[in-house]
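# Coordinates in review
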Amino acid sequence: MLEVEDLNQYYGGSHILRNVRMTVPDGKLTVLLGRNGVGKTTLLRCVMGVVPTKSGTITWRGAKISSMPTHARVASGLAYVPQGRDIFGRLTVEENLLVGAASRKSPSKIPDRIYDLFPVLRDMKHRRGGDLSGGQQQQLAIGRALMSEPQLLILDEPTEGIQPSIIRDIGRTLRQLVDEMGMTVLLVEQYYDFARELADRYWVMSRGEIVAGGAGSEMDAHGVRELIAV
Ligand SMILES: Nc1ncnc2c1ncn2[C@@H]1O[C@H](COP(=O)(O)OP(=O)(O)O)[C@@H](O)[C@H]1O
Ligand SMILES: [Mg+2]
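Below, the structure is looked at part by part. Numbering of residues starts from 1 in each chain and follows the order in which that chain's sequence is written. Chains and ligands are labelled sequentially in the order written, the chains with letters from A and the ligands with numbers from 1. Totals for whole chains, interfaces and linings use all residues, but because this is a predicted model, local features are given only for residues with pLDDT of at least 70 and pairs of side-chain atoms are given and counted only at 80 or more. The basis for the side-chain values is all heavy atoms of the structure; hydrogens and waters are excluded.

## Digging into the coordination of the magnesium ion (ligand 2)
Atoms are scored as donors when they are N, O or S and lie within 2.8 Å of the metal, with 3.2 Å used for Na, K and Ca; no water is included, so coordination may look incomplete. Coordination sphere of the magnesium ion (ligand 2), protein contribution only: Thr41 (OG1) and Gln83 (OE1), at 2.0 to 2.3 Å. With a gap of 42 residues between them, Thr41 in helix 1 (residues 40–48) and Gln83 in the loop between strand 6 (78–81) and helix 3 (93–100) connect regions that are remote in the sequence. Since its relative accessible area comes to 25%, Thr41 is described here as partly exposed. The class for Gln83 is partly exposed, based on a relative accessible area of 29%. Each helix is a run of DSSP H or I of at least 4 residues and each strand a run of E of at least 2, with the numbering of both proceeding from the N terminus. Exposure categories follow from relative accessible area, calculated using a 1.4 Å probe and restricted to protein chains: below 20% of the type maximum is buried, above 50% is exposed, and the middle band is partly exposed.

Right, dumping it as structure tokens:
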């Protein structure tokens, strides 16, 4: 389980995260929803150690990780697919994947399981990342994160700017990672229907605070769609 307790974060003088408390149970898919600008990406960046936290603790499987550098968090089982994907446009698909394996021992070959999850990456392995469509780049970013063999996969708005058919593929892949491979997933989303379909658990953030949470099956009844409607 990932546990975030009383997390606070500031940018300059503005208080961005306010006593955030959130748990992400093992072997489940947890969705974090919220409108633009409420602090979702900032929270993920704190969890990964990309930005330092001002106060509060982050615990992963009983160990406090909030003062560890990012690479140590990755080594402890966390992987991150950032918003906007951040793949390397001038490297090939294969090279992009190998970047994700940088911390593993023999990063010279791409495991079949990655290409089996995303067959399009196998077909396009010698193409440049920048030549892929937005949806294919998102699949590449997820494949790259999986190269470190994570136990917790964290994704920031993977459906942003992507065509519906690939959104469905990504949804199926995430369910497969959880249901068949025992992975834990934390998914940040603004696209309600996608989140509702996938969520085992959910949290809603508003202005830097967690304001609601529960079982995925209760999202409609709890009015989550209205909470995040623009
Ligand atoms: N690097 C930064 N410097 C200053 N303010 C930032 C920075 N990144 C984000 N913010 C501000 O912090 C708030 C939360 O942003 P963010 O975490 O990106 O929200 P979300 O992912 O929910 O859209 C927003 O008001 C945003 O403008
Ligand atoms: Mg964001």
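## A word on the site of ligand 1
The cutoff for a nearby residue is simple: one of its non-hydrogen atoms must lie within 4 Å of the molecule or strand. All residues adjacent to ligand 1 are Tyr11, Ile16, Arg35, Asn36, Gly37, Val38, Gly39, Lys40, Thr41 and Thr42. We call two N or O atoms a polar contact when they sit within 3.5 Å, provided that within protein one can donate a hydrogen and the other can accept it, with sequence-adjacent residues counted only if both atoms are side-chain atoms. Gly39 places a main-chain nitrogen or oxygen 3.0 Å from an oxygen atom of ligand 1. Taking Thr42, its side chain carries an N or O atom lying 2.5 Å from an oxygen atom of ligand 1. Top contributing element to the shell around ligand 1 by residue count: helix 1, with three residues. Residue composition of the shell around ligand 1, grouped by class: three nonpolar, five polar and two charged. When residues are sorted by character, Ala, Val, Leu, Ile, Met, Phe, Trp, Tyr, Cys and Pro go into the nonpolar class, Asp, Glu, Lys and Arg into the charged class, and all the rest, Gly among them, into the polar class.

The values reported here are purely geometric and, on their own, carry no functional implication.
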